[in-house]
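Spelled out from the first residue to the last, the chains are:
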Amino acid sequence: MKIDILQLVKGAREACGLTVVIDVFRAFSAACFVAGYGAEKIISVGDVETAFRLKTENPDYLLMGERNERMVGGFDYGNSPFQVESIDFTGKTVVQTTSAGTQGLVNAIHADEILTGSFVNADAILNHIRRRSPAQVSLVCMGYAARHPIEEDTLCAEFIRMKLLGETPDYHDMTETIRRTSGKRFFVAGHQDYAPSTDFYLCLDLNRFDFILKAEKIDNDMVSLKPLWHEDRR
C-alpha cells in the first residue's frame, strides 16, 4: 500500500486511489456530529451561492458553514460542533460549505473513492481502508482556509499513515502539539462567539463516531456525504 500525504487544493487535485480529505478544525468534525445526530445526507458544495440556490430549491434543507471562520449570514449553523452537538437532525439534509474542507472534496477529481477525514472517526476510516486494501491511499490535508498547511490536519494524516503501517502514534503528544500551535485560537477570549474552546475538545474527541462519511460526486461543485457504518460497507 502506497500512502501519500498531500496538502491543500493542489494536493486534492493530485490525489488518486482511495482519498481521505482531512479537515479537523472543523468541517469534517462538524459533519460527523451532524451525521451522528441523524442527518440523512450532507451535501458539500464549493461556494456560498450554490448553497443558497439549493436552499431556494429545497426550503427544508439546512445550511451550515463558514467563511473566515464566521458563520455565513443567512445560514442556520456555523462550522462548529458545539453549535450542532445538541441538535436533532433526524431525516434532514444539510448543505455545508467551508473555506477548506469542502474545497478539497470538490477538487479531488482523480480519486477512486473519497472519504472525509477527522480524528472523531479515525478508526472507522482506518478499518475501511484496511478492508479495501487499496494500492494507493492519498491523505489530503486541507489546512487553514485551504491556503496554509496546519498542524491538526497534517498530524491527523500522520496518525492515519502510522496506524496503517502498524506503528503506534502518540495521540496525547499530538493533541498537546495542536494545543500549543493551531489550536491556540480556540482559547482566545475574543474568538468564543465563532471559535469556542469547546470545539477544540469536540474535534479532538478521538473515535467518538464509528462511521465513515463517503463522498459521491453530484456535479463539479457538489458532493453528497453519507454516513456508512460497518454493516453498510460489507
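Everything discussed here concerns the structure shown above.
Rules behind the numbers
Residues numbered from 1 in each chain as written. Predicted model: local features only at pLDDT ≥ 70, side-chain atom pairs only at ≥ 80, totals over all residues. Heavy atoms only, no water. Helix = DSSP H or I, 4+ residues; strand = E, 2+ residues; numbered from the N terminus. Expected span 1.5 Å × (residues − 1). Contact = heavy atoms within 4.5 Å. Buried < 20%, exposed > 50% of the residue type's maximum accessible area, 1.4 Å probe, protein only. Polar contact = N/O pair within 3.5 Å; in protein donor to acceptor, adjacent residues only side chain to side chain. Salt bridge = Lys/Arg side-chain N within 4 Å of Asp/Glu carboxyl O. Phe/Tyr/Trp six-rings, centres within 6.5 Å; stacked < 30°, edge-to-face > 60°.

Caption draft 1: Geometry of helix H7 (residues 151-164). Under the 1.5 Å per step criterion, the end-to-end length of H7 is 20 Å for 14 residues, consistent within 8% with the ideal 20 Å. In this structure, the buried side of H7 is in contact with strand S1 (2-7), strand S2 (17-22), helix H6 (122-132), strand S8 (136-141) and helix H8 (171-180). Positive phi shows up at Gly166, right after H7, with a value of about 80°.

Caption draft 2: Region of interest: the environment of Asp219. Within the fold, Asp219 resides in strand S9 (residues 212-219). Here Asp219 falls in the partly exposed class, since its relative accessible area comes to 35%. Measuring from C-alpha to C-alpha, the distance between Asp219 and Val45 comes to 9.6 Å, with 174 residues separating the pair along the chain. A distance of 2.9 Å separates a polar atom in the side chain of Asp219 from the backbone nitrogen of Asp221. Among the polar contacts made by the side chain of Asp219, one reaches the main-chain amide nitrogen of Met222 at a distance of 3.1 Å.

Caption draft 3: Local environment of the environment of Leu206. With respect to the helices, strands and loops of the structure, Leu206 is situated in the loop between helix H9 (197-203) and S9. Not counting residues within four places of it along the chain, the set of residues in contact with Leu206 comprises Phe119, Ala122, Phe159 and Tyr171.

Caption draft 4: Representation of the pattern of salt bridges in the model. With the rule as written, the count across this model stands at 10 salt bridges. The partner of Lys2 in a salt bridge is Asp4, with the nearest N and O atoms 2.8 Å apart. Its relative accessible area of 24% is what places Asp4 among the partly exposed residues. The residue Glu57 makes a salt bridge to Arg53 at a minimum N-O spacing of 3.3 Å. Of this pair, Glu57 and Arg53 both sit in helix H3 (residues 48-57), four residues apart, which is roughly one turn of the helix. The exposure class of Glu57 is partly exposed, given its relative accessible area of 49%. Residues participating in the shared-partner salt-bridge network are Glu113, Arg132, Lys214 and Glu216.

Caption draft 5: View of the packing of aromatic side chains. With the rule as written, the count across this model stands at 13 aromatic pairs. Ring plane angle 85° and centroid distance 5.8 Å describe the contact between Phe119 and Phe159, whose orientation is recorded as edge-to-face. Within this pair, whereas Phe119 is found in the loop between strand S7 (111-117) and H6, its partner Phe159 is found in helix H7, the two being separated by 40 residues in sequence. A centroid spacing of 5.8 Å and a plane angle of 70° characterise the contact between Phe159 and Tyr171, whose relative ring orientation is edge-to-face. Taken together, the residues span a long stretch of sequence, with Phe159 in helix H7 and Tyr171 in helix H8 at a distance of 12 residues. As far as burial versus exposure is concerned, Phe159 and Tyr171 are alike and both buried.

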